[in-house]
Amino acid sequence: MKAFLPRIEIALSQIRHNAQVLTELYGRQGISVMGVSKAVLGDPVIALAMLEGGVKFIADSRLENIQRMRTAGVTAQFILLRTALSQAESVVIHADISLNTEVETISALSCFATIHRKLHQVILMVELGDLREGILPCNLSQVIQTIRAFPAIKIIGLGCNLACYGGISPDNTKMNELSELADEMEAEFQINLKIISGGNSANHKWYESAQGIGRINNLRLGEAILLGRETTNREVIPGLYTSAFRLIAEVIESKDKPSLPYGAACQDSFGNIPSFQDRGIHRRIILALGKQDTLISGLQPEQDLEILGSSSDHMILDSHNCDLKVGNEVSFNLDYGALLGAMTSPFIKKCFVKD
Ligand SMILES: *Cc1c(COP(=O)(O)O)cnc(C)c1O
C-alpha cells in the first residue's frame, strides 16, 4: 500500500522519552510538569505518551482539545490555559482547573460551578512583564479578596507566563518575584497556594542556573516535550529528541528552469512584489505542500535542498545536487510554528511510527 502524502510522522517513543527526562530532571527539585497539548490539537495518543512519560497533568488552551482527549478516554487532571467568559459553563464542565486573570470571568465560573454542583479550581496568572495575560502584582491582593467570597471557586495557586509575547526571560528576578507574591498572599489571606507555576519551556535555563527555585513547584511544557528545545534561544535540551515529528511531502514537478521569473512584474498570490536572485538554469522541484498546510519558513529539509518560496498549495525548492523525481518523497524537520500548522491542517495525515 502506498503511504499517504503529505503526512506527519510522529515517534511516540521519543515524546515519551522527552517527557520522562524532563519530569525526572525537574522532579529532583520537586517541580511537577503539566504536559501542554495545544500544538498537537489535543491528540489523545500524544497526551497518553506524555502521561506515560510522567507528566502529572495535561494542559491545553482550547476546550475542544480537552473534550477530544476526555472523549478518547484519556484520564488526567485537565487544565485550561486560556479562559473566556463566553465559555464559562463549558469550562467548569470540562476542565478541572483553569488559568484566570479576570474577576468577571471567575465570577461566571463560580455561578456555573454552583449550578453544576462542582468546585472549580483556579490558578491566578500574574503579569510579570511579558504583557500577555496576567493580573498586575499591585492588584493581586484585591482580586483574591474578591474571589475568596465566590462560593464554588477554590484558588489553588499562582502562575506566570513569560517569553511568549514580549520576549521577556523567566530569570531569577522574575521567579523570585512570583515566589514572594505567593508568600505574601498566603500570609495575608491565611491560604495555602499549592501550585506555583513558574512558566513554560522557556524556564529551562533558569532551572539549570538557579541557586534556589524558591516556591516554584510546577512548569507547563509543550515545546520542550514535543521538540526537545528550550525556548529562550531554541537550544536543544541535553538528552532530548528534536525530531519526534517529521513532515513528508511529494514531488509533483522536477525540471531544469530559469531562476528568474520573466514577463511584466506584478504582485504574487499574497500581495507582495517578490524579488529573485539569478542563479542561471537550475533544477527546481515542486512539492504538493503549501501555506495552507503549515508555516513554510518553519521547515528544515533533511536533505541538501533549499526552499525558494511557496504559495497556498505549492512549495518551490532548488534541488541542488539531489536527484529527485516526480513521486519521490521529501522530508522536513519542524519548528513550533510549522508543527502547529501541520497538526492543524486537515490535509496532512497524522501517522504514528514505531522506531
Ligand atoms: C502554550 C502555553 C504554555 C506552553 O508553552 P511552551 O513554550 O510550548 O512550553 C504554557 N503556558 C501557557 C499559559 C501557554 O499558553
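A brief report on the enclosed structure follows. None of these values were measured; they are calculated from a predicted model. (Residues numbered from 1 in each chain as written. Predicted model: local features only at pLDDT ≥ 70, side-chain atom pairs only at ≥ 80, totals over all residues. Heavy atoms only, no water.)

### Details of the pairing of strand β4 (residues 77–80)
No. 1: When strand β3 (residues 57–60) meets β4, the two strands line up parallel, connected through four bridges. Considered in β4, the bridge of Asp60 is made with Leu80.
No. 2: Of the crossover connections in this fold, the one passing from β3 over helix α3 (residues 63–71) to the parallel β4 is right-handed.
No. 3: Across two bridges, β4 lies against strand β5 (residues 97–100) in parallel orientation. Counterpart to Ile79 in the pairing with β5 is Ile97.
No. 4: For the crossover that starts at β4, traverses helix α4 (residues 88–94) and ends in the parallel β5, the hand is right-handed. (Pairing = 2+ DSSP bridges. Helix = DSSP H or I, 4+ residues; strand = E, 2+ residues; numbered from the N terminus. Right-handed = clockwise from strand over helix to strand, strands pointing away.)

### Quick word on the nonpolar core
No. 1: Ile8, Ile15, Leu124, Leu158, Leu226 and Phe245 are the most contacted members of the largest nonpolar core, which totals 92 residues.
No. 2: In this structure, Leu158 is in contact with Ile123, Leu124, Val126, Leu140, Leu178, Leu181, Ala182, Leu193, Ile195, Ile196 and Ser197, ignoring residues within four places of it in sequence.
No. 3: If you look at the next biggest cluster of nonpolar residues, it comprises 12 residues, including Met34, Leu81, Ile123 and Ile195. (Core = buried A, V, L, I, M, F, W, Y, C linked by side-chain atoms within 4.5 Å. Buried < 20%, exposed > 50% of the residue type's maximum accessible area, 1.4 Å probe, protein only. Contact = heavy atoms within 4.5 Å.)

### Some thoughts on the packing of aromatic side chains
No. 1: Enumeration over the complete set of coordinates arrives at two aromatic pairs.
No. 2: A ring pair is formed by Tyr26 and Tyr207, whose centres lie 4.8 Å apart and whose planes are at 90 degrees; its orientation type is edge-to-face. Of this pair, Tyr26 sits in helix α1 (residues 12–27) while Tyr207 is found in helix α8 (residues 204–209), placing the two residues 181 residues apart along the sequence. Comparing Tyr26 with Tyr207 shows no difference in burial state: the two are buried.
No. 3: Taking 6.4 Å as the distance between ring centres and 65 degrees as the angle between the ring planes, the aromatic pair formed by Trp206 and Tyr207 counts as edge-to-face. In this pair, the class of Trp206 matches that of Tyr207, namely buried.
No. 4: We note Lys291 situated over the ring of Phe270; from NZ or CZ to the ring centre the distance is 4.7 Å. (Phe/Tyr/Trp six-rings, centres within 6.5 Å; stacked < 30°, edge-to-face > 60°. Lys NZ or Arg CZ within 6 Å of the ring centre and 35° of its normal.)

### Section: the site of the ligand
No. 1: Residues in contact with the ligand amount to 14 residues; listed here are only the nearest, Lys38, Ser201, Arg220, Gly222 and Glu223.
No. 2: Note that an oxygen atom of the ligand is positioned 2.5 Å from one of the side-chain N or O atoms of Ser201. (Near = heavy atom within 4 Å. Polar contact = N/O pair within 3.5 Å; in protein donor to acceptor, adjacent residues only side chain to side chain.)

### Concerning α1
No. 1: The end-to-end C-alpha distance of α1, which contains 16 residues, comes to 22 Å, matching closely the 22 Å that a straight helix rising 1.5 Å per residue would cover.
No. 2: Turning to α1, its buried residues are Leu12, Gln14, Ile15, Asn18, Ala19, Leu22, Thr23, Leu25 and Tyr26. For α1, the angular spread of buried residues about the axis comes to 165 degrees, placing them on one side. (Expected span 1.5 Å × (residues − 1). Arc of directions from axis to C-beta.)

### With respect to the pairing of strand β13 (residues 306–310)
No. 1: For β13 and strand β14 (residues 315–318), the ladder comprises four bridges, and the chain directions are antiparallel. Looking at the pairing, Ser310 lines up with Met315 of β14.
No. 2: Between β13 and β14, which pair antiparallel and follow one another directly, the connecting turn spans four residues.

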